[in-house]
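Spelled out, the chains give:
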Amino acid sequence: MRSIFFSFLLFSTYSFGQDLVSEPLIVKKDSVSFYAFIKEGVYESTLSQENKISYTFTEYSEQLPKSLIDIPINSLSTTNLNGTIYFLYPGGGIVYKYIDNSIVRIDDSFAHRNQFSGFFFAYNNELYLLGGYGYWSSKNLLTKFNFQTGSWDVVSTDGLSPDDGIDQGSYVVTDNSIFVFNFLSRTATQVKETPNPYLFELNMKERKWYNRGRLM
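This is a predicted model, so every value here is computed, not measured.

Draft legend 1. Structural detail: the sheet that holds strand β3 (residues 41-47). Spatially, the four strands line up as an open sheet ordered β1-β2-β3-β4, and their pairing is antiparallel. Each of the sheet's edge strands pairs with one partner strand only, and the pair in question is β1 (25-30) and β4 (53-59). Sheet twist, expressed as the average angle between the axes of neighbouring strands with direction ignored, equals 20 degrees. As paired elements, strand β2 (residues 33-37) and β3 share five bridges and run antiparallel to each other. By the bridge assignment for β3, Ser33 is matched with Thr46.

Draft legend 2. Structural view of the packing of aromatic side chains. On inspection of all chains with the given rule, the structure shows 15 aromatic pairs. A centroid spacing of 5.6 Å and a plane angle of 65 degrees characterise the contact between Tyr35 and Tyr98, whose relative ring orientation is edge-to-face. Taken together, the positions of Tyr35 in strand β2 and Tyr98 in strand β7 (residues 95-99) put the pair 63 residues apart, joining distant regions of the chain. Between Tyr43 and Tyr55, the ring centres sit 5.6 Å apart and the planes meet at 75 degrees, which makes this aromatic pair edge-to-face. On the criterion of sequence distance, the pair formed by Tyr43 in strand β3 and Tyr55 in strand β4 is long-range, its members being twelve residues apart. Note on Tyr55: relative accessible area 31%, which makes it partly exposed.

Draft legend 3. The arrangement of the sheet that holds strand β16 (residues 198-203) in detail. Pairing is mixed in the open sheet, where five strands are placed in the order β13-β17-β16-β15-β14. Unpaired on one side and paired on the other, β13 (158-159) and β14 (170-173) mark the two borders of the sheet. Relative to strand β17 (residues 208-214), β16 runs antiparallel, the two being bridged by five bridges. Looking at β17, one finds that Phe200 is bridged to Asn211.

Draft legend 4. Highlighting unusual backbone geometry. With phi around 60 degrees, Gln168 is a residue other than glycine that occupies positive phi space. Structurally, the position occupied by Gln168 is in the loop between β13 and β14. With a phi close to 55 degrees, Arg207 is a non-glycine residue in the positive phi region. Of note, Arg207 is situated in the loop between β16 and β17.

Draft legend 5. Highlighting the environment of Lys52. Along the chain, the position of Lys52 falls in the loop between β3 and β4. The exposed category is assigned to Lys52, whose relative accessible area is 60%. Leaving out residues up to four positions away in the same chain, Lys52 has contacts with Thr46 and Leu47.

Draft legend 6. Quick peek at the pairing of β7. Sheet analysis places strand β6 (residues 84-88) next to β7, joined by three bridges and oriented antiparallel. Its bridge partner being in β7, Leu88 is matched across the sheet by Val95. Linking β6 back to β7 in an antiparallel pair, the connection comprises six residues, with Gly91 at a positive phi of about 90 degrees. Counted along the chain from β7 to the antiparallel partner strand β8 (residues 102-105), the turn is two residues long, and its residue Asp100 has a positive phi close to 50 degrees.

Draft legend 7. Geometry of the nonpolar core. Counting 18 residues, the largest nonpolar core has Phe37, Tyr60, Leu76, Phe87, Tyr96, Tyr98 and Ile103 as the members making the most contacts within it. Every element with two or more residues in this core is listed here: β1, β2, β6 and β7. Sequence-distant contacts of Tyr98, that is, excluding residues within four places in its chain, are made with Tyr35, Phe37, Val42, Tyr60, Thr84, Ile85, Phe87 and Ile103. By size, the runner-up hydrophobic cluster in this structure holds 16 residues, among which are Tyr123, Ile166, Leu202 and Met204.

Rules used throughout
Residues numbered from 1 in each chain as written. Predicted model: local features only at pLDDT ≥ 70, side-chain atom pairs only at ≥ 80, totals over all residues. Heavy atoms only, no water. Pairing = 2+ DSSP bridges. Helix = DSSP H or I, 4+ residues; strand = E, 2+ residues; numbered from the N terminus. Axes fitted to C-alpha atoms, helices over the stretch in contact; angles between N-to-C directions. Phe/Tyr/Trp six-rings, centres within 6.5 Å; stacked < 30°, edge-to-face > 60°. Buried < 20%, exposed > 50% of the residue type's maximum accessible area, 1.4 Å probe, protein only. Contact = heavy atoms within 4.5 Å. Core = buried A, V, L, I, M, F, W, Y, C linked by side-chain atoms within 4.5 Å.

What follows is the structure, given as structure tokens:
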């Protein structure tokens, strides 16, 4: 509850404070600290026991990568892998990380535009992207970032995956599984306006999908 309250206060401060810009990309650092990334630099904020927010601002030590200049920074997806924050370009493909007070590009890929609203997450020291929408259909695709080549690899999965893909889903992460629900599916000829009523599990250790039953 404390972290939820912190998020609300932090959002209010950045949205309405006179000396801060609006709509930063807010990323959790730990239970009482957050980063707020903007185009010029990063705010590091901490919530005290008295529920007061203190923050410091630091300009980036290097210019942002050219691929970030013309897009809102809060449109990036983020995840934390071993204490390092990684960023993913909208739709997938381009990957950045926050290091030495700068955001640097680390991939040798391109803007895929194939997995908008996909779930970007870290598992077992790897970065993954699950589902998403692009090129007129939603996907149940699982891809993994290859740190050696700087590109993305498709990860094969078995089992009962959602037939028409996952768009704008809700996700719960456990030790070895990703649970997804309340998602939409789209094909080139059909948009399903009502959320999928079933709960699906992707067991990352087995690389296998399970249908865990109807929720609604």
